[in-house]
Amino acid sequence: MIRRDALDQLPVRTALPALRAALDGPGSAVLCAPPGTGKTTSVPLDLAGLTGEGPVRRVLVAEPRRMAARAAARRMAWLLGEEVGTGAAPAQGWGPVGFTVRGERRAGPRTTVEVVTTGVLLQRLQRDPELAGVDVVVLDECHERHLDADTSAAFLLDVRETLRPELRLVAASATTDAEGWARLLGGAQGAAPVVEATGVSHPVEVVWAPPERPVRPAHGTRVDPALLTHVAGVVRRALRERTGDVLCFLPGVGEIGRVAGELAGVDAEVLQVHGRAPAEVQDAVLAGGNGVRRVVLATSVAESSLTVPGVRVVVDSGLARVPRTDHARGLSALTTVRASRAAARQRAGRAGREAPGAVYRCWAEGEDGRLPAFPDPEIRVADLTAFALQAACWGDPAADGLALLDAPPAGALAAAREVLTAIGAVDGAGRATERGVRMARLGLHPRLARALLDGAPEVGVRRAAEVVALLSEEPPRAYGDDLAAAWRTARRGGDAYGARWRQEARRLASAAGESRGGSGAGGEPRGGSAAGGEPRGGSAAGADGGRGAGAQLTDDAVAGLVAALAFPERVARARRKGSYLMASGTGAELAGAQAGGGHRPGSSGPGDGSGLRDAEWLAVAVADRPVAAASARVRLAAVIDEETACAAAPALYASGEEVRWSEGDVVARRVTRLGAIELAARPLTAPDPGLLRDAVVSGLRREGLGLLRWSAAAVSLRQRMAFVHRELGAPWPDISDAALLECVEEWLGVELGRARRRADLERVDAGQALARLLPWATGEAARFDELAPERIEVPSGSRVRVDYGGAQPVLAVKLQELFGWQESPRVAGGRVPVLVHLLSPAGRPAAVTADLASFWRDGYRSVRAELRGRYPKHPWPEDPSAAEPTRHTSARLKRG
């Protein structure tokens, strides 16, 4: 029996006529409805005709999370007075409301409203683009901007435009960019209608509860323990000041565990809800309490699409955990960020679902306006490899024909295509290969799909599936950082993770068997090892029963091979204990975690607490890079050998001559490498001349022109050439460091052809080489000594060197040698006067002038008066303009 009283109380029902009209007209709409109005549960039932209004239609509802999908289906079934089936399908088939998530399906021919995750929707669209039998698709919580949701929306819009114009689409959210979604859904016909459900179930009071003392900002996955202690204190305060259950939002599983520990002893049941929590725990939380007050500690999975019965208070830490990708290093990781204002509104709405409530926000009111309005769309920040494969399978490798709110960043998309090309998922033009289509249908990241498809023939389908299942959902930290040990723990374990792992491993084994056209989980490993050599281990418990080499591999060897196939650029060799270099060129350090977490007592070096610390080679499965750290931190890895590393990453294996400038000199070797890892090297006795030349040029550009021999004459020549270029420009060349290094082949070509090492460069006469840049071809070089004379003859007959090292040429000469000279010399064709430094008979500065006539007239008297008594043996005539210039004393001058 339909629960009419519950349905009629939902505020969203006032918007249903407008929504039906929009779908019967343009065929698409944006539904904006605040939390608690029934958007997720009432609207699909009404559009399906299950509430007695309107025609019967099949409705597909896409949720961003498995927990939300199951909960929404159960709530809709409850409103209809039914239940979503459990266990085996009943003989009469499933009821009108069902759900499908990865590894679990509760739907059948009688199902009218089916709730799926966006990942399942993507798979369904790839297999059946028309979505045969589906009349309406509702994309719920579209404001969260998950990549799968954005991709699904783009594909659905393409289907509407090309295959099924009658397919109706609804983008629904409590808080979203309504105008952007309306433009997207409307396409060329103009913006789609925006339908708003006004009113909320109950008011929510906002209480600002910032920490009393400053806390360190979150970075990476680290959250200041002081903030978590404060959050626990706010939960205790809320329990004292308010009634009802408390829902506390935290960024991740680790923070949930920490706060749960801080709440030990509170007069309430403390529950933990996150994506890894067992379905039974999630269902129990959503089923409500049994009279005992509850504190529910949750990640963002509880932000939307869920009503947690009994909750009257929300405590919001203000933090969220989101994916980020370091494309330069090929590392993806979760990082902690400030939650957006949209997320904060969603979280607060959980407190007003059933009655008036309150939200305690653990930040100052003044900070609220500085928070981002919406979360970053995943397409801007996440790894796009899976997206690129989906687009390629859809027939749009460049993704430029897809209707997306945000275009994928070009660099991230290019990096994704490189990965897909390397694993054979796309061809040179970016089109999906047959192998790529098989990968996409496995419901895995393409890297893991490659590991499953290529690993199964080597180690057996079941063992490959078990390892890939471990990699698809990172094991709990308590399992340790050794992938093989974690595999054994998962086999033994009776925890929630172990149950999910076994279910996923069965699914993958079945899917891989179907993909290979083989016998599923019972498939035999192929004879021969992955590297084409001999087996690398002894007998393995739990092998697939095959008689080939794969059946003889140990768990460690299997785990290592599969991990290396998934992440070939992360195979790593030890540099020192606990420190590794990955084939990608990124350094990696063991995190030092033991099975129970933390460092061993007394440990002193990286990786001292890790079971991997003595391994020469690793296949790194999970790694992140802490903020400001030069190296990645290994979270999960398996021990491998060099043979396995080379077999898993053949594209990175290369052998050849390597001639380069290293540590101040030319190094010439024949080197075998696996990416950045040097496997072997020996000196080259006769390196390729072209490579030698390139190495020498590289050294010059790296260390500068000081590698050459700069005599005083060479320095003088360069200064003169620089002066002429500065004053006259072309055709006189620029001889700055940057310009000389840019055209080094032009003026140093002969010497470069003979140089084999640093010592050869140190013997090169830089001045002789530099003279080649003078404009000989035009004949202008013949005027060089005229325009910038090295020396100038003064009245005494001396030829004095001109210094061109400053802003103006300088002629430093004894004052007596210039007697009778009325005009200062000029250079650069008369354009530039030479600055004359007049020296005493001892060669010390006496005066500076660029106008000798003015000096003889006005300045000479004071200089004569000062120096005449100090140098009485030298001539100091009263009229220097008429005196005889001399280099000698007065007595010597009289003797002739």
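Structure report, in brief. Predicted model, so just to flag it, every value in this text is computed and none were measured. (Residues numbered from 1 in each chain as written. Predicted model: local features only at pLDDT ≥ 70, side-chain atom pairs only at ≥ 80, totals over all residues. Heavy atoms only, no water.)

**Description of the sheet that holds strand S12 (residues 294–298)**
Hydrogen bonds between backbone atoms are what pair the strands of a sheet, whose relative direction is either parallel or antiparallel.
Then step 1. The parallel open sheet is built from 6 strands, whose spatial order is S9-S16-S13-S10-S12-S11. Each end of this open sheet is capped by a strand with a single partner; those strands are strand S9 (204–208) and strand S11 (269–273). Shown here is a sheet whose adjacent strand axes are inclined to one another by a mean of 20°, direction ignored.
Then step 2. Across the sheet, helix H9 (residues 253–262) lies against S11 and S12, angled at about 175° from S11, the strand it touches most. (Pairing = 2+ DSSP bridges. Helix = DSSP H or I, 4+ residues; strand = E, 2+ residues; numbered from the N terminus. Axes fitted to C-alpha atoms, helices over the stretch in contact; angles between N-to-C directions. Contact = heavy atoms within 4.5 Å.)

**Focus: the environment of threonine 335**
Then step 1. Turning to its location among the elements, threonine 335 is positioned in strand S15 (residues 331–338).
Then step 2. On the basis of relative accessible area, threonine 335 is assigned to the buried category, the value being 16%.
Then step 3. C-alpha separation for the pair threonine 335 and alanine 320, spaced 15 residues apart in sequence, amounts to 8.3 Å.
Then step 4. In contact with threonine 335, other than residues within four places in its own chain, are Gly220, Ala320, Arg321, Val322 and Arg324. (Buried < 20%, exposed > 50% of the residue type's maximum accessible area, 1.4 Å probe, protein only.)

**Structural notes on the pattern of salt bridges**
Then step 1. Counted according to the given criterion, the structure contains 59 salt bridges.
Then step 2. Residue aspartate 316 is joined to arginine 347 by a salt bridge in which the shortest nitrogen-to-oxygen separation is 2.6 Å. A residue pair is termed long-range when its members are at least 10 positions apart, and aspartate 316 in strand S13 (residues 311–316) and arginine 347 in helix H11 (residues 341–349) qualify at 31 residues.
Then step 3. According to the relative accessible area criterion, arginine 347 is buried, its value standing at 1%.
Then step 4. Across the pair glutamate 751 and arginine 772 runs a salt bridge, and its minimum N-O distance is 2.9 Å. With a gap of 21 residues between them, glutamate 751 in helix H26 (residues 744–754) and arginine 772 in the loop between helix H28 (766–770) and helix H29 (784–787) connect regions that are remote in the sequence.
Then step 5. Each of Arg462, Arg463, Glu466, Arg491 and Asp555 takes part in salt bridges that share partners, so that together they form one network. (Salt bridge = Lys/Arg side-chain N within 4 Å of Asp/Glu carboxyl O.)

**Concerning the sheet that holds strand S25 (residues 791–793)**
Then step 1. Judged by pairing direction, the sheet is mixed, and its 5 strands sit side by side in the order S25-S26-S27-S30-S31 without closing on themselves. The sheet is open, and its two edges are formed by S25 and strand S31 (845–849), each paired on a single side. Along the sheet, successive strands turn relative to each other by an average axial angle of 30°, direction set aside.
Then step 2. Relative to strand S30 (residues 835–839), strand S27 (residues 810–814) runs parallel, the two sharing 5 bridges. Paired with leucine 811 across the two strands is valine 836, which belongs to S30.
Then step 3. Helix H30 (residues 852–867) rests against S30 and S31 of the sheet, and its axis sits at about 165° to S31.

**Details of the packing of helix H19 (residues 483–492) against helix H21 (residues 555–566)**
Then step 1. Interhelical geometry of H19 versus H21 gives an angle of 115° and a closest axis separation of 8 Å. Regarding the angle of H19 to H21, the classification is roughly perpendicular. Here H19 runs over H21; the crossing is right-handed. Here Leu483, Ala484, Trp487, Arg488 and Arg491 of H19 come into contact with H21, specifically with Asp555, Asp556, Val558, Ala559 and Ala563.
Then step 2. Each residue belonging to the contact of H19 with H21 can be placed in one class, and the counts come to 6 nonpolar, no polar and 4 charged. (Parallel < 35°, antiparallel > 145°, perpendicular 65-115°, else oblique. Left-handed = near helix turned anticlockwise from the far one by under 90°. Nonpolar A, V, L, I, M, F, W, Y, C, P; charged D, E, K, R; others polar.)

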